[in-house]
Amino acid sequence: MANSNFAPAICILAALLFAASTIASSDGPFIVAHKKASLTRLKSGSERVSVSIDIYNQGYATAYDVTLNDDSWSQDIFDIVSGNTSVSWERLDAGTVLSHSFELEAKTRTVFYGAPAVITFRVPTKAALQEAYTTPILPLDVLADRPPEKKFDLRLLAKYGSLVSVVSIVVLFVYLVSTPSKSSASKASKKKR
């Protein structure tokens, strides 16, 4: 009988210890990183890849010796045009953002599947380096044949512009005639009194 009284107390104590350990671990840095890549077609028939990585510290403590390494860009497919694929910072304070960008030029036509970049950082309360990963990027269809983008066609405006303006004027006239004005509605309510 005595053991059954302690079972709920032991469960509650275990839940409190688990909650306390979760709260204690949330006092450190919490790194969230977002990686974006966009393609830009150059007139010379080549294509550039612009990569930007934003690193957010959503935790309550500073992360030290922060290093970003994005070595997923194969040298057989890409040449670095500007920037570096790896960079280091001394610290990342709580609630702040670090941004890094670089640009690559494509050498071969392929569909490229990039891996997430790796972020390592040090927490003063732990001896081992901590790791975080960026979000992955969508597959990039590098140097693919794309149909040219159509801008707004001025021929359509010249052909149908007058028709659109006449229809707009008629609709506006019907709306104004069918909608009573506020002043006439207030005058009608005063006459009824």
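As a convention, each chain's residues are numbered from 1 in the sequence order in which they are written. Only residues with pLDDT of at least 70 are given local features in this predicted model, and only at 80 or more are side-chain atom pairs given and counted; all residues enter the totals for whole chains, interfaces and linings. Hydrogen atoms and water are omitted, and side-chain values are computed over all heavy atoms in the structure.

- In the nomenclature of an unreviewed UniProt entry, the protein is known as Translocon-associated protein subunit beta of Sesamum alatum.

### Some remarks on the pattern of salt bridges
1) Next: A side-chain nitrogen of Lys or Arg and a carboxyl oxygen of Asp or Glu constitute a salt bridge if their distance falls within 4 Å. Applying the stated rule across the entire model yields 8 salt bridges.
2) Next: A salt bridge links R41 to E47; its shortest N-O distance comes to 3.6 Å.
3) Next: For D65, the salt bridge identified is with R122, shortest N-O distance 2.9 Å. Taken together, the residues D65 in strand β3 (residues 63-69) and R122 in strand β8 (residues 118-122) connect sequence positions 57 residues apart.
4) Next: A simple rule labels every residue: compare its accessible area, found with a 1.4 Å probe on the protein chains alone, to the largest value its type can have, and call it buried under 20%, exposed over 50%, or partly exposed in between. Judged by its relative accessible area of 38%, D65 is partly exposed.
5) Next: Shared partners join several salt bridges into a network, and the residues in it are R48, E103 and E105. Runs of H or I in DSSP of at least four residues are treated as helices and runs of E of at least two as strands, each being numbered from the N terminus.

### Quick word on the environment of L138
1) Next: By secondary structure assignment, the location of L138 is in the loop between β9 (130-133) and β10 (140-142).
2) Next: Separated by 101 residues in sequence, L138 and A37 have C-alpha atoms that sit 8.3 Å apart.

### Side note on the sheet that holds β3
Strand pairing in a sheet relies on backbone hydrogen bonds. The paired strands run either parallel or antiparallel.
1) Next: With antiparallel pairing, the 4 strands of this open sheet are ordered in space as β5-β3-β8-β9. Strand pairing shows two members of the sheet lacking a second neighbour, β5 (86-92) and β9, which therefore form its edges. Recorded for the sheet is a direction-independent mean angle of 20° between the axes of neighbouring strands.
2) Next: Here the rule is simple: two strands pair whenever DSSP picks up at least two bridges between them. As paired elements, β3 and β8 share 4 bridges and run antiparallel to each other. Paired with Y64 across the strands is R122, a residue of β8. The axes used here are C-alpha line fits, helices contributing only the stretch in contact, and every angle between their N-to-C directions lies in the interval 0 to 180 degrees.

### Regarding the pairing of β3
The side chains of a regular strand alternate, residue by residue, between the two faces of the sheet.
1) Next: In terms of strand pairing, β3 meets β5 through 6 bridges, oriented antiparallel. Across the sheet, residue A63 finds its bridge partner in β5, namely L92.

### A look at the nonpolar core
1) Next: Ranked by internal contacts, the top residues of the largest apolar core, which has 28 residues, are I31, I55, W73, F78 and I119.
2) Next: Looking at this core, the elements with two or more residues in it are β1 (31-41), β2 (47-57), β3, β5, β6 (97-106), β8 and β10.
3) Next: Aside from chain neighbours lying at most four places away, what touches F78 is V49, W73, L104, E105, A106, K107, F112 and V142. For the purposes of this section, nonpolar cores are sets of buried Ala, Val, Leu, Ile, Met, Phe, Trp, Tyr and Cys residues that join through side-chain atoms within 4.5 Å. In what follows, a contact means two residues having at least one pair of non-hydrogen atoms within 4.5 Å.

### Digging into the side chain of T62
1) Next: Mapped onto the elements of the fold, T62 is located in the loop between β2 and β3.
2) Next: On the basis of relative accessible area, T62 is assigned to the buried category, the value being 15%.
3) Next: Whenever a nitrogen or oxygen atom comes within 3.5 Å of another N or O atom, the pair is scored as a polar contact, on the condition that within protein one atom can donate a hydrogen and the other can accept it, and that pairs from neighbouring residues in sequence are kept only if both atoms are in side chains. Side chain to side chain, T62 and D93 meet in a polar contact 3.3 Å long.
4) Next: If near-sequence neighbours (up to four positions away) are discounted, T62 is found in contact with P29, N57, R91, L92, D93, A94 and P124.

### Focus on the sheet that holds β6
1) Next: Read across the open sheet, the 4 strands follow the order β1-β2-β6-β4; overall the sheet is antiparallel. Among the strands making up the open sheet, the edge pair consists of β1 and β4 (78-82). Direction aside, neighbouring strands of the sheet carry axes that sit 30° apart on average.
2) Next: As paired strands, β4 and β6 are joined by 4 bridges and run antiparallel to one another. The residue bridging S82 from the neighbouring strand is E103, located in β6.

### Some points on the environment of L42
1) Next: Here L42 is to be found in the loop between β1 and β2.
2) Next: Expressed as a C-alpha distance, the spacing of L42 and E105, which sit 63 residues apart in the sequence, is 10.0 Å.

### Some remarks on the UniProt feature "transmembrane region" (unreviewed entry) in the protein
1) Next: The UniProt record marks residues 157-177 with the feature "transmembrane region" (unreviewed entry), using the residue numbering of this structure.
2) Next: Structurally, residues 157-177 is divided into 100% helix and 0% strand, and its ends, taken at the C-alpha atoms, are 29 Å apart. UniProt positions are given in the numbering used here, feature names are shortened, and annotations may be inferred rather than shown by experiment.

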